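So you can see what is in the structure, the chains are spelled out below.
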Amino acid sequence: MGALASALGAFVPRIAAARGRTTIGGRISLRVPWPVNLIDPHRLDDGFAALFGAALFDTLFARAQEGSITPSLAETDPEPEGMNLRVRLRSGIRTSKGLAFEARDAASAIARARSLGARAWLADIPTPKVDGPSLLFAFRDANRLVRALASPILAMVPANYSTASPDGTGPFAFTTRGDATVLVRNVRSASGPSFLDEVVIRAAPDLASSLRAFESGTDDIGWLGSGLHEPRAGSRPFDLGAVGWAVLYTGRDALSWDAPGVAQRLCNGIAPSRLSHLALGPNWTTETEQGWGGAPAAIFVREDAPWLVELARAIAATISRPSHEVTARPVNASELAQRRTSRNYALALDTVRTIAPGALGAMVSLATSDGAGRAGDLVTHAPKLGEVPPRATTRTLRCGIVGEIRVQGGRAQDVSLAASANVSGFDLGASSRHRL
């Protein structure tokens, strides 16, 4: 225990600045209506990564609470070198499984992210060259480079990363125990181990399970609320913001209804009160409710995400019209992915993670997810958007925001949850459990 305390002590001042005395140790448990057995931090549609990715993975640069971007796995800010920028990695970095993490791993992670959710976000960032302990970018804009590399979609993972056996350098390591995914303290963490010993996460089969378990005292966090029948005694609410959106897509089978802006008009026509039980964030301005006017159709949705399934059913019931009925059709994740790629559907519901803060980050995330060919142009020729709401960025896309995916609910009174500085959501590494 003394050795562990010494190891943690070396990191605590950096992680917990201005937090006062923080208790080390303890565990928390929760249930979420999402699949929790796999995680891919480079996919835009990975809900588990949106919620818990920051607990497992670091980035080369990271945002601080005040909004500045500082080196994380990188040793220093990018160093100008002729027409290039050199990003030098810290020495001695090891993953949770004890593997050395080197520049070649960082280059592999960037390439993997570029092939998946970061392809538009990295449109203006050249492929780096591995040069000893450094990455060499043929690029001169250091500010843009660190903004790009600070995105959670650029999570650093070792070469040959496996979604079924995740490995990273974050404050927790990924393990399984029976039906639960367990995040355990990573004593090798490059940014410092977590304060908590472990976080036990189970997949909730429905929306009531988490609230029931929290109300009875089985769990320490209630997802989207503080109890099924009444608030748990002594519990406190938390809302750590949105980590992404639930997004409705139109596809080829929608025929004339497969046009830019249609999906968002459908979503804007749904009264927030119809979906309020799903905690979709602030109410939106409702447009004229037009409903679905295409042929009878199904909303394809992945069957292992109960929150999305319930949302698909609520949307279907709201937008259906006589002779234009809409139903929800849960399918396995691989079928949904295939249909999304081929656009072989009339309607589909999926998740989109936030790539970066602000309107541009939202637009790039949504345009990439929609497969819009101009998604990369949004980065290379960034429009002056101001602080427009994300819903306003989809009018030229074949997708529409239904609502936010928020990290909110109820917590036991002795649980302290820290907010993420990078986008939104948890900073579980800096969260703790106090001794009452």
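Because the structure is a prediction, the values reported are computed rather than measured.

Asker: Could you clarify how one ought to interpret helix H5 (residues 142–149) in this entry?
Answerer: Residue pairs three or four apart in sequence face the same way in an α-helix, which turns once every 3.6 residues. Taken as a whole, H5 has its buried residues at Arg144, Leu145, Val146, Ala148 and Leu149. On the buried face of H5, the contacting elements are strand S2 (61–63), strand S3 (69–71), strand S5 (84–88), helix H4 (103–115), strand S7 (134–137) and helix H11 (375–380). Where H5 starts, the residue carrying a side-chain oxygen 3.3 Å from the main-chain nitrogen of asparagine 143 turns out to be aspartate 141.

Asker: So what exactly am I meant to see when it comes to the side chain of arginine 144 here?
Answerer: Tracing the sequence through the fold places arginine 144 in helix H5. Overall, the relative accessible area of 6% leaves arginine 144 in the buried class. With residues near it in sequence (within four places) discarded, arginine 144 still touches Trp121, Asp124, Ile125, Phe139 and Val379.

Asker: It is not clear to me how the pairing of S5 should be interpreted in this structure. Could you clarify?
Answerer: On a regular strand, each side chain points to the face opposite its neighbour's, so the side chains alternate between the two faces of the sheet. Relative to S5, strand S4 (residues 79–81) runs antiparallel, the two being bridged by 3 bridges. Counterpart to glutamate 79 in the pairing with S5 is arginine 86. Counted between consecutive antiparallel strands, the loop separating S4 from S5 contains 2 residues, among which glycine 82 sits at a positive phi close to 65°. Across 4 bridges, the pairing between S5 and S7 is antiparallel. In the strand pairing of S7, arginine 88 is matched with serine 134.

Asker: Quick question: what am I supposed to make of the pattern of salt bridges here?
Answerer: Side-chain pairing between opposite charges can occur once the charged atoms of the two side chains come close. All told, the structure shown has 23 salt bridges when counted by the stated rule. The salt bridge partner of aspartate 40 is arginine 112, with a shortest N-O separation of 2.8 Å. With aspartate 40 in the loop between strand S1 (27–32) and helix H3 (47–56) and arginine 112 in helix H4, this residue pair connects regions lying 72 residues apart in the sequence. Salt bridges sharing common partners tie together Arg27, Arg177 and Glu198.

Asker: Looking at this structure, how should I read the sheet that holds strand S16 (residues 399–411)?
Answerer: Pairing between sheet strands relies on hydrogen bonds along the backbone, with the strands arranged either parallel or antiparallel. Across the sheet, which stays open at both edges, the 6 strands sit in the order S11-S16-S12-S15-S13-S14 with mixed pairing between neighbours. Unpaired on one side and paired on the other, strand S11 (221–223) and strand S14 (326–331) mark the two borders of the sheet. Here the strands of the sheet are splayed against their neighbours by 30° on average, with no regard to which way each runs.

Asker: What's the story with the confidence of the model for the protein chain in this structure? I'm lost.
Answerer: A low pLDDT means the predicted coordinates there should not be read in detail. Counting all residues, the mean pLDDT for the protein chain is 92, and 95% of those residues have values of 70 or more. Taken together, the stretch residues 1–19 has pLDDT below 50 and engages in 27 contacts with residues farther than four places along the chain or on a different chain.

Asker: Is there a simple way to explain the sheet that holds S5 in this structure?
Answerer: The sheet built from 4 strands is open, its strands ordered S4-S5-S7-S6 with antiparallel pairing. Two strands lie at the open edges of the sheet, namely S4 and strand S6 (129–131), each paired on one side alone. Each strand of the sheet is rotated relative to its neighbour by a mean of 35°, with strand direction disregarded. Across the face of the sheet, H4 comes into contact with S6 and S7 while running at roughly 45° to S7.

Asker: Is there a simple way to explain unusual backbone geometry in this structure?
Answerer: The phi angle of most residues is negative, glycine excepted, and most peptide bonds adopt the trans form. Here the phi dihedral of leucine 224 falls at roughly 70°; this positive angle occurs in a residue that is not glycine. Along the chain, the position of leucine 224 falls in the loop between S11 and strand S12 (236–250).

Asker: Is there a simple way to think about the packing of aromatic side chains in this case?
Answerer: Think of a pair of aromatic rings as described by two things: how far the centres are apart, and how the planes are tilted against each other in angle. Tallying each qualifying case throughout the model produces 7 aromatic pairs. Arranged with centres 5.0 Å apart and planes meeting at 50°, the rings of phenylalanine 48 and phenylalanine 52 form a pair that is tilted. Of this pair, phenylalanine 48 and phenylalanine 52 both sit in helix H3, 4 residues apart, roughly one helical turn. Summarising the aromatic geometry, the rings of phenylalanine 57 and tyrosine 161 are spaced 5.9 Å apart at their centres and angled 75° between planes, so their arrangement reads as edge-to-face. Highlighted residues: phenylalanine 57 in the loop between H3 and S2 and tyrosine 161 in the loop between H5 and strand S8 (172–177), separated in sequence by 104 residues. Of the two residues, phenylalanine 57 and tyrosine 161, both sit in the buried class.

Asker: Please explain the environment of phenylalanine 238 as it appears in this structure.
Answerer: Turning to its location among the elements, phenylalanine 238 is positioned in strand S12. Take phenylalanine 238: its relative accessible area is 8%, and that puts it in the buried class. Here the alpha-carbon distance between phenylalanine 238 and arginine 411, two residues 173 residues apart in the chain, equals 7.0 Å. Residues contacting phenylalanine 238, with those up to four places away along its chain left out, are Ile221, Gly222, Val407, Gln408, Gly409, Gly410, Arg411, Leu417 and Phe426.

Asker: Hey, could you run me through the pairing of S1 in this one?
Answerer: Within S1, 5 of the 6 residues are buried, leaving the element largely enclosed by the surrounding structure. With 6 bridges joining them, S1 and strand S10 (residues 198–203) adopt parallel strand pairing. Across the sheet, the residue bridging to leucine 30 is isoleucine 201, located in S10.

Asker: When you look at the state of the cysteines in this model, what are you seeing that I'm missing?
Answerer: Tallying each qualifying case throughout the model produces 0 disulfides. Summary of cysteine pairing: cysteine 267 is not part of a disulfide, and the nearest cysteine sulfur, belonging to cysteine 399, is at 8.8 Å. According to the relative accessible area criterion, cysteine 399 is buried, its value standing at 0%.

The rules behind each value
Residues numbered from 1 in each chain as written. Predicted model: local features only at pLDDT ≥ 70, side-chain atom pairs only at ≥ 80, totals over all residues. Heavy atoms only, no water. Buried < 20%, exposed > 50% of the residue type's maximum accessible area, 1.4 Å probe, protein only. Helix = DSSP H or I, 4+ residues; strand = E, 2+ residues; numbered from the N terminus. Contact = heavy atoms within 4.5 Å. Polar contact = N/O pair within 3.5 Å; in protein donor to acceptor, adjacent residues only side chain to side chain. Pairing = 2+ DSSP bridges. Salt bridge = Lys/Arg side-chain N within 4 Å of Asp/Glu carboxyl O. Axes fitted to C-alpha atoms, helices over the stretch in contact; angles between N-to-C directions. pLDDT = per-residue confidence, 0-100. Phe/Tyr/Trp six-rings, centres within 6.5 Å; stacked < 30°, edge-to-face > 60°. Disulfide = S-S within 2.5 Å.

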